[in-house]
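# Commentary on secondary and tertiary structure
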Amino acid sequence: MEPLLVGREPELAALESALDAASREERVLIEVSGEPGIGKTRLIAELRARARDRGFAVLDGTATEFERERPLAVLQGRAAGPEWTAGVERFVLFRRLTARLAERADGRPLLVAWDDMHWADDASCEFLDHLLHHPPACPLAVAVAYRNRQAAYRLAAVLSGTHSGVRRVTCEVGPLPEDAAARLTDRPCPDGGGNPLYLLASASAAGGEGTSAAALFAAEFAGLDASARLVAQAASVLGEPFTAEQAGRVAAVPSGAVLDALDALAARDLIRELDAACFDFRHPLVRAAAYTLPGGTPAEAHGRAARVLADAGRPVEEYAHHVVRSARPGDVHAVELLVTAANVVLAGAPVTAVRWIEAALALLPPGRPDHRLRLTLARAHHARGRFAESRDLLADALRDRPWGDAHDRDHLALLSFHAMLGHHLGDLGAAADDVGRELERLPADRPDLVAALHLERAGLCESGGDFAAARESARRALDALPDDRVVQARALTVLGLVDLHSGRAGAGERLIRTAAETTDGLLDPELAPVPSLGWTLAWAEVQLERFADADRHFARTLRLTRAAGRNEYVHECLVGRATAGLWLGRVREARAHAADALALAETIRSPEMAGTALIRLCQADLWGGDERAAVECGHRAVAALRGERSPWLPTSKAVLGMAHIVAAETAAVPDVDVLALGRALLLEAGGGADLPELARSQAPMWFELLSRAELLRDDRAAAERWAALCVAAAEEAGSPGRLAYADLATARLLSDQDPSAAALLAERAAHRFAATGVRLWEGQALVLAGTCHGLAGDVTAARRSLGRARTLFTGCGAPAWADHAVRRSRRIAARLPRTVLDPSTPPAVLTAREREIAELAGRGLTNRQIAARLRISARTVEHHLAHLFRKLDVPNRAGLASRLGDGPSA
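So, here's what we can say about the structure. In this text, all values refer to a predicted model and were calculated from it rather than measured experimentally.

## Considerations on the overall build of the protein chain
- Within the protein chain, the secondary structure is distributed over 44 helices and eight strands.
- Its C-alpha atoms give the protein chain principal-axis dimensions of about 120 × 80 × 40 Å.
- Residues counted as buried form 55% of the 906 residues belonging to the protein chain.
- Taking contacts inside the protein chain between residues at least 6 apart in sequence as the whole, the part at least 24 apart equals 66%.
- Put simply, the protein chain shows about 37,500 Å² of open surface, and 51% of that area lies on carbon and sulfur atoms.
- With 108 positive and 118 negative side-chain charges, the protein chain shows a separation of 5 Å between the mean positions of the two kinds.

## Examining the pattern of salt bridges
- Per the stated rule, a full pass over the model turns up 62 salt bridges.
- Between Arg 24 and Glu 26 there is a salt bridge, with its nearest N and O atoms 3.1 Å apart.
- Linking Glu 710 and Arg 713 is a salt bridge whose minimum nitrogen-to-oxygen distance equals 2.6 Å.
- When its relative accessible area of 0% is taken as the criterion, Glu 710 is described as buried.

## Brief notes about the nonpolar core
- If you look at the biggest cluster of nonpolar residues, it comprises 208 residues, and the most contacted ones within it are Trp 114, Leu 128 and Trp 702.
- Ranked by the residues each element gives to this core, the list is headed by helix α30 (residues 607-624), at ten residues.
- Residues Leu 224, Leu 238, Val 250 and Ala 261 belong to the second largest nonpolar core, which totals 33 residues.

## A look at the sheet that holds strand β7 (residues 271-273)
- Strand order across the open sheet formed by three strands is β6-β8-β7, with antiparallel pairing between neighbours. Of all strands in the sheet, those with a lone pairing partner are β6 (242-243) and β7, marking the two edges.
- Where β6 and strand β8 (residues 278-281) come together, two bridges link them in antiparallel fashion. If you follow Thr 243 over to β8, its bridge partner there is Cys 278.

## What to know about helix α37 (residues 755-771)
- If you check α37, its first and last C-alpha atoms are 24 Å apart, about what 17 residues at 1.5 Å a residue would give, namely 24 Å.
- Along α37, the residues classified as buried are Pro 755, Ala 758, Ala 759, Leu 761, Ala 762, Ala 765, Ala 766 and Phe 769. Angular distribution of buried residues about the axis of α37 spans 165 degrees; they occupy a single face of the element. Counted as exposed and oriented over 90 degrees from the buried face of α37: Leu 760, His 767 and Ala 771.
- Following α37 by one or two positions, Gly 773 adopts a phi angle in the positive range, close to 80 degrees.

## Considering the packing of helix α38 (residues 775-791) against helix α39 (residues 795-812)
- Where α38 contacts α39, the two axes come as close as 8 Å, and the packing angle between them is 160 degrees. Comparing their axes, α39 and α38 come out roughly antiparallel. Two packed elements cross with a definite hand, and for α38 against α39 that hand is left-handed. Every residue of α39 that contacts α38 at Arg 775, Leu 776, Glu 778, Gly 779, Gln 780, Leu 782, Val 783, Ala 785, Gly 786, His 789 and Gly 790 is listed here: Ala 797, Ala 798, Ser 801, Leu 802, Arg 804, Ala 805, Leu 808, Phe 809, Gly 811 and Cys 812.
- Broken down by class, the residue content of the contact of α38 with α39 amounts to eleven nonpolar, seven polar and three charged.

## Here we look at helix α41 (residues 848-858)
- By the burial criterion, the buried members of α41 are Glu 850, Arg 851, Ile 853, Ala 854, Leu 856 and Ala 857.
- Looking one or two places after α41, you find Gly 860, whose phi comes out positive at around 100 degrees.

## What about the pairing of strand β1 (residues 27-33)?
- With six of seven residues buried, β1 lies mostly within the body of the structure.
- Alignment of β1 against strand β4 (residues 140-146), held across seven bridges, turns out to be parallel. Across the sheet, the residue bridging to Ser 33 is Tyr 146, located in β4.
- In this sheet, strand β5 (residues 166-172) lies alongside β1 in parallel orientation, the contact comprising seven bridges. Across the sheet, the residue bridging to Arg 27 is Val 166, located in β5.

## A short note on the packing of helix α23 (residues 485-501) against helix α24 (residues 505-520)
- Interaxial distance between α23 and α24 falls to 8 Å at its minimum, and their mutual angle equals 160 degrees. With respect to α24, the axis of α23 lies roughly antiparallel. Our pair here, α23 against α24, has a crossing hand that is left-handed. Residues Arg 485, Gln 488, Ala 489, Leu 492, Thr 493, Leu 495, Gly 496, Leu 497, Asp 499 and Leu 500 of α23 form the contact with α24, whose own contacting residues are Ala 505, Ala 507, Gly 508, Glu 509, Leu 511, Ile 512, Thr 514, Ala 515, Thr 518 and Thr 519.
- Its residues assigned to classes, the contact of α23 with α24 shows ten nonpolar, seven polar and three charged.

## So, the side chain of Thr 64
- Its location among the elements puts Thr 64 in the loop between β2 (57-62) and α3 (90-105).
- Residue class for Thr 64 comes out buried when judged on its relative accessible area of 11%.
- Polar side-chain contacts of Thr 64 include one of 2.4 Å to the side chain of Glu 67.
- Ignoring sequence-local partners within four residues, the contact set of Thr 64 consists of Trp 119, Glu 240 and Arg 287.

## Quick look at the packing of aromatic side chains
- On inspection of all chains with the given rule, the structure shows 15 aromatic pairs.
- Consider the rings of Trp 623 and Trp 777, whose centres lie 6.0 Å apart with planes at 75 degrees: the pair is edge-to-face. Remark: Trp 777 occurs in helix α38 and Trp 623 occurs in helix α30; sequence separation between them is 154 residues. Of the two residues, Trp 623 and Trp 777, neither departs from the other in class, the shared state being buried.
- Ring geometry for Tyr 741 versus Phe 769: centroids 5.1 Å apart, planes at 75 degrees, classification edge-to-face.

## As for the sheet that holds β4
- The five strands lie next to each other as β2-β3-β4-β1-β5, forming an open sheet whose pairing is parallel. If you trace the sheet from one side to the other, it starts and ends with β2 and β5, each paired once. Neighbour-to-neighbour, the strand axes of the sheet open up by a mean angle of 15 degrees, direction not taken into account.
- By the bridge criterion, six bridges tie β2 to strand β3 (residues 110-115) in an arrangement that is parallel. Opposite Leu 59, over in β3, you have Val 112 as the bridge partner.
- Contacts between α3 and the sheet are confined to β2 and β3, with β2 contributing the most and set at about 135 degrees to the helix.
- Each of β1, β4 and β5 touches helix α5 (residues 153-160); the most contacted strand, β4, lies at about 140 degrees to it.

## Digging into the environment of Trp 702
- Structurally, Trp 702 is set in helix α34 (residues 699-712).
- By relative accessible area, which is 4% here, Trp 702 ends up buried.
- Taking the C-alpha atoms as reference, Trp 702 lies 9.0 Å from Gly 686; in sequence the two are 16 residues apart.
- What Trp 702 contacts, discounting residues up to four positions off in sequence, is Ala 654, Val 655, Met 658, Leu 682, Leu 691 and Leu 694.

Rules behind the numbers
- Residues numbered from 1 in each chain as written.
- Predicted model: local features only at pLDDT ≥ 70, side-chain atom pairs only at ≥ 80, totals over all residues.
- Heavy atoms only, no water.
- Helix = DSSP H or I, 4+ residues; strand = E, 2+ residues; numbered from the N terminus.
- Buried < 20%, exposed > 50% of the residue type's maximum accessible area, 1.4 Å probe, protein only.
- Contact = heavy atoms within 4.5 Å.
- Areas by Shrake-Rupley, 256 points an atom, 1.4 Å probe, with all protein chains shown as cover.
- Lys, Arg positive; Asp, Glu negative; His and termini not counted.
- Charge placed at Lys NZ, Arg CZ, Asp CG, Glu CD.
- Salt bridge = Lys/Arg side-chain N within 4 Å of Asp/Glu carboxyl O.
- Core = buried A, V, L, I, M, F, W, Y, C linked by side-chain atoms within 4.5 Å.
- Pairing = 2+ DSSP bridges.
- Expected span 1.5 Å × (residues − 1).
- Arc of directions from axis to C-beta.
- Axes fitted to C-alpha atoms, helices over the stretch in contact; angles between N-to-C directions.
- Parallel < 35°, antiparallel > 145°, perpendicular 65-115°, else oblique.
- Left-handed = near helix turned anticlockwise from the far one by under 90°.
- Nonpolar A, V, L, I, M, F, W, Y, C, P; charged D, E, K, R; others polar.
- Polar contact = N/O pair within 3.5 Å; in protein donor to acceptor, adjacent residues only side chain to side chain.
- Phe/Tyr/Trp six-rings, centres within 6.5 Å; stacked < 30°, edge-to-face > 60°.

Here is the structure:
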């Protein structure tokens, strides 16, 4: 039975206002804070009741004092509670939980009301943050009750954070006024400080004025027999809710005595019956008092609780916290339980995994190897985003560990993870040196270890640009184990990348193809222990424009790493799949992968990972037709990577520049300022005229984009310079995709002088893009081809090319670009002459200014050059040319030149 709710009219009014806002489909965060016993739980109960009366779906939950190590404890036992699966990252788990909440709401407003959140575990706080940033598809109110002074850092960080679109309602619950306190207890209450719980406890207990709160609640158990105290302590250990059977087994008292004990506890309102089988305590402070009752030890009770839950077939992660509180040093079985539980929750609740592994390490018998535990602990720190902490832990574990015993494979796994952290921390040289030192300590008779360590060093050296050292290590690995297919695939991949970087494209491609064939022949159990193979191979295939193969290898590596709990590779694979998907024209799929990569980066708070994901999101939004979102993502990417001084920073600036240029290009009237900003960003990203700061393999694309920008700015000379660089870079690369950019750049330059030749070049570009599977750029080439066919007067060819572009863009998930092709088609139709003119027909009478402009345009001058020569604005030139085309009934400048003769002028 709930106590009376008196003296809380202002708080109730605030809660009603919050429910009103949620009913209007606003998102609301309700904070109910105050000291212990002040009435927070009573207000939360009232909020839940009033929400149900309004038709809300309600999810309640309570964090508890002795379950702070249990991940997502606030959801345990609830219909929307977690189902842990090893390898499932937090963002995936949180999405599933959010979807389950939406299903529970079933179109109604939803109230999520969580009490005692000062005891919440980190995963529960992270899910609260996720819920506020990514709410379910229904009106939502989230209520959080907590003690001000005891709120954990993680909860405080969530509540103090910025949540866009969330209305905050704050209820700081203070002491009851004296008259309200008297109404609550039916007697004058000079003591108790207006705290309802203490007032009620004081009224029913024997304690006198000034008695401490702990003594007041302990006094409520006075006079109970030993069995009742043991059952009360057992129930406090089990947590809430608990059953009579569980409490009896943990208390180790006969079943008859258990029922008598529960009756005695219920009679004093220490526990309350939830239903025929379950009970809970009246208040957390009552539970805390029961936990420390004399007559039994909590550690023993926790041990029995673990056994009870294990015997009931409950998952180990549900009772691992009991193991932590009960196990003794040297308990190997407890170590195995904690390691198993940590591996299950590592990806979804890494902070809890860290605590369980640290507890397991403390339990290990002296001298027992701890390689696997330290590796799991390092992965848990990595999942938290503590890369440096993870690396330091591994360095300590590796230091002075001898090679040549039964635990070499565990030692090798530590070293492999240590090498991977060199990539994440941008410390490739130091990581390669560490591997080199380990090579010096290897036994002479272990070619398997020699090959494995040389491959780790080769990968680090290749990524760090030390190609000679990479080549040497890869070859030494092959010499050590020449018949091992995994070694072959890894070594050939590194050697192929070295050749690609060194300008030997043909040799590099042959090696990468052989590595891919070998990798495809490996079984999953062979490939799973070396995720770096599939990941590195896939990035090499991106460079070779083998995008479908790259996506397939990224997908396989992603599946295997998740299944093996190797989540440190998941972000790289997601960004890789987004990259390959964009090249292949799978815009929606690519955006989903990039969004997943960003969600993962945000959960581990890695700015660099967030930046690389945002680069792909920017590109996906650009192709999806949302230029504003693309520009926003680009700015976020630059901001994230600038702070990290990341090697990805130039790419982020270049992609942001692309977003501005495309936004200006696709606008009804090109925005000169936006165009100038995009061009400046791209030039800044490149770091010079040859764009040396950007990947050489992508140079033709950036040069073509700059040429386009200059044409939009009406600077033909600059456009020609960038187009020449594009052609040179493409011919240097020699691949179809790179050569297609050269065709595209040249076609744009010719479009107003020789549209027929330009159309043929654009068609060739489309064919080359199609050969590499780059469908979106194929569509752009087809749009240009259709435009040029129209300018040349070939209506049939124009409609054919633009129709193909429209179909292609629609299939890729780029409807805005499909609409662009349609608009271009209509514009061509509108400009075409309605009748066939006799070429001998003299031109219409022109004004002197029109003849000047016509003659200069016919000689190939741009609008800006004509404007400078005649000292008029470029817009005036554009207006005159449009009028000339209509007056002379010609479609373009080429037609203007052919029609212009010695006809009469005014």
